[in-house]
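Next come the chains, spelled out residue by residue.
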Amino acid sequence: MRFDVVITSDRTMMSNHHGKEFLGFAATGPPIGLPERLWMWMCAPKPKVDKLGRPLEAPYGLRKIEASLVSAGINAAVIDPDHLGKHLKHAKVLMVGHHDFFAMCSPSIEWWLITGSEPLNSRSFKRFMRKPEIREAKKRGLKIIVGGPAAWQWLWRTDYWREFGVDTVVDGEADKVVVELANKALNGEDLPLYVYVGPGEAPSLDEIPDIKGASVNGLVEITRGCPRGCRFCSVTLRPLRHYPLDKIEREIQVNVRAGLKKCILHSEDVFMYGSKGIEPNPDLLTQLHKLAKKYCRVVTWSHVTLALVKYSQEKYNLVSQLTDILYDDNQEWIGVEVGIETGSPRLAEKIMPAKAAPYPASKWPEVVKDAFAIMHEHKVVPAATLILGLPDEREEDVVATLELLDELSNYRSLIVPMFFVPLGLLKDRTWFLRDHLTDQHIEVLRKCLWHSVKWAEDILSHMYLKGVAYAPLRILLKLFLAYVKRKGREVERSLGKAAL
Ligand code: SF4
């Protein structure tokens, strides 16, 4: 079977990460402490494929592109990167999506800056683009279109844009524009170099077709966009749209038919699903969770906001209600991404004035603490981000973040410090680089390191990777944690600091 359009990505993206989404984040780091092959196996094992090389599970974003093209009558498919050769002999267009092509997003960039070693995701992507089968197909006239959340990175790496022969970069929600671009390429028309899909051109729900094949770890979108307006964020530029329950159910069914028994509800804030403004909709959220649990043994969340964790629980007892629906013999905890960003109310007011809503930004540290306490009690484990070097950051702001970290120390969580990357409304500001690190920043890095190591050991032993099947992975991760602790102590000694 031949496809006119082949959709793919490199191995760090095209993997189900052993069914453990969080292991995929290990690809944002460089392969240190373990050989690179072992790292790749740990965070990005090869997926199962059919006889045509189509993966059983593929990244949700690629599935959405496939759905748009197939729904428009274009002969397209997602193909595993190890099976491109036979398809690129005939395909006319190659579409490549990625979350972080050149490791310029956080946290990849700070692992690179701190260790001096290139992260796996960027190494793997460059290796992929240099595959002989892609180079040969390019010489025969293959059109290459790239996109995804990291599309902006190509503007900084025009050297690779040229080297890899990329024809078009698509920045923004591509569901609609990708059909037009594919038709142009298939008809031999000229392609634009760069396409920016602004908030005004974002597709409506009716213009977003359901996925046709299973997504990695059963991820399904429940909302798109976010209304909170944090100034450093590009998601916020997109309008908020809620998928109706029947659409979500159809996508869960696609995954279940492929044999998946898990579901990740994807939203910038799961508690925002069906909300009026930012007022949660407990009835709809309850229905959504019952629906997902009807099909799947394990149901988790991609992201929540700390403000709605606190508000939903205090007003509606909602964290308790939803975890009561989800927890059973198959599932006893949830991991989720959250954003702390800063412990400073002053900086929160300037840079993310609505992040604490319905509470005032001046109460931000209190909101964070209360939300962490609620999550700890309900076995919801946050992987939280902090941003160092935000524009207008002062020493007192970093000190406030240090104080907040002390107050979070007893709550089960991972806290990942990130360097400011100029995106969203702040895209004209300066990058935060290693040379800008102050003593207080280094103290934040130390506190986050020891906090996360302590809780990672606890999570690994008691919640994540339990059971015999995961023993090799568990051993590898424990070896890696031992390496991190040893290195951390070495660095502390060189800085003349006592271990925390
Ligand atoms: S809450 Fe999260 S997704 Fe929404 S604007 Fe802020 S950082 Fe972006």
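Residues numbered from 1 in each chain as written. Predicted model: local features only at pLDDT ≥ 70, side-chain atom pairs only at ≥ 80, totals over all residues.

### Things to note about the pairing of strand S1 (residues 5-8)
Stated precisely, the cut-off is as follows: Buried, partly exposed and exposed are defined by the number of other C-beta atoms within 10 Å of a residue's own C-beta, namely 20 or more, between the two limits, and 12 or fewer respectively, with C-beta atoms placed from the backbone. Where helices and strands are cited, they refer to DSSP runs of H or I of at least four residues and of E of at least two residues respectively, numbered from the N terminus. A pair of strands is labelled paired if DSSP reports no fewer than 2 bridges between them.
Here S1 shows a buried face lined by Val 5 and Ile 7 and a second buried face lined by Val 6 and Thr 8. Inspection of the sheet shows S1 paired to strand S2 (residues 76-78) by 3 bridges, in the parallel sense. Across the sheet, residue Val 5 finds its bridge partner in S2, namely Ala 76. Pairing between S1 and strand S3 (residues 93-97): 4 bridges, direction parallel.

### Digging into the sheet that holds strand S13 (residues 380-388)
Under the convention used in this document: Note on method: axes are straight lines fitted to C-alpha atoms, helices fitted across the in-contact stretch only, with angles between N-to-C directions ranging 0 to 180 degrees.
Judged by pairing direction, the sheet is parallel, and its 3 strands sit side by side in the order S12-S13-S14 without closing on themselves. The open sheet terminates on both sides in strands that have one partner only, identified here as strand S12 (334-341) and strand S14 (414-419). The sheet shows a mean angle of 25° between the axes of neighbouring strands, taken without regard to direction. Inspection of the sheet shows S12 paired to S13 by 7 bridges, in the parallel sense. In the strand pairing of S13, Gly 339 is matched with Thr 385.

### Details of the domain arrangement of the chain
Interfaces are often described in size by the accessible area the parts lose on coming together. Going by this rule: All domain edges in this entry derive from an automatic or database-based domain assignment. Whether two residues are in contact is decided by their C-beta atoms, placed from the backbone, lying within 7 Å.
Partitioning the chain into domains gives domain 1 (5-201) and domain 2 (214-495). Here the C-alpha centroids of domain 1 and domain 2 sit 25 Å apart. Facing 25 residues of domain 1, the contacting portion of domain 2 comprises 26 residues. Where the side of domain 1 that touches domain 2 is concerned, the elements lending two or more residues are helix H1 (36-43), helix H2 (60-71) and helix H4 (108-115). Ranked by residue count, the leading element in the side of domain 1 that touches domain 2 is H4, at 4 residues.

### A closer look at the pairing of strand S4 (residues 143-147)
Most of S4 sits inside the fold, with 5 of its 5 residues counted as buried. Along S4, one buried face is formed by Lys 143, Ile 145 and Gly 147 and the opposite face, lined by Ile 144 and Val 146, is buried too. Of the strand pairs in this sheet, S4 and strand S5 (residues 168-171) are connected by 3 bridges, and their pairing is parallel. Paired with Ile 145 across the two strands is Thr 168, which belongs to S5.

### Examining unusual backbone geometry
Each neighbour pair has its own omega, and for Ser 106 with Pro 107 the value is 0°, a cis peptide bond. Checked against the element boundaries, Pro 107 lands in the loop between S3 and H4. Backbone torsion omega between Ala 357 and Pro 358 reads 15°, so that peptide bond is classified as cis. Examined against the element boundaries, Pro 358 turns out to sit in the loop between helix H14 (345-351) and helix H15 (364-377).

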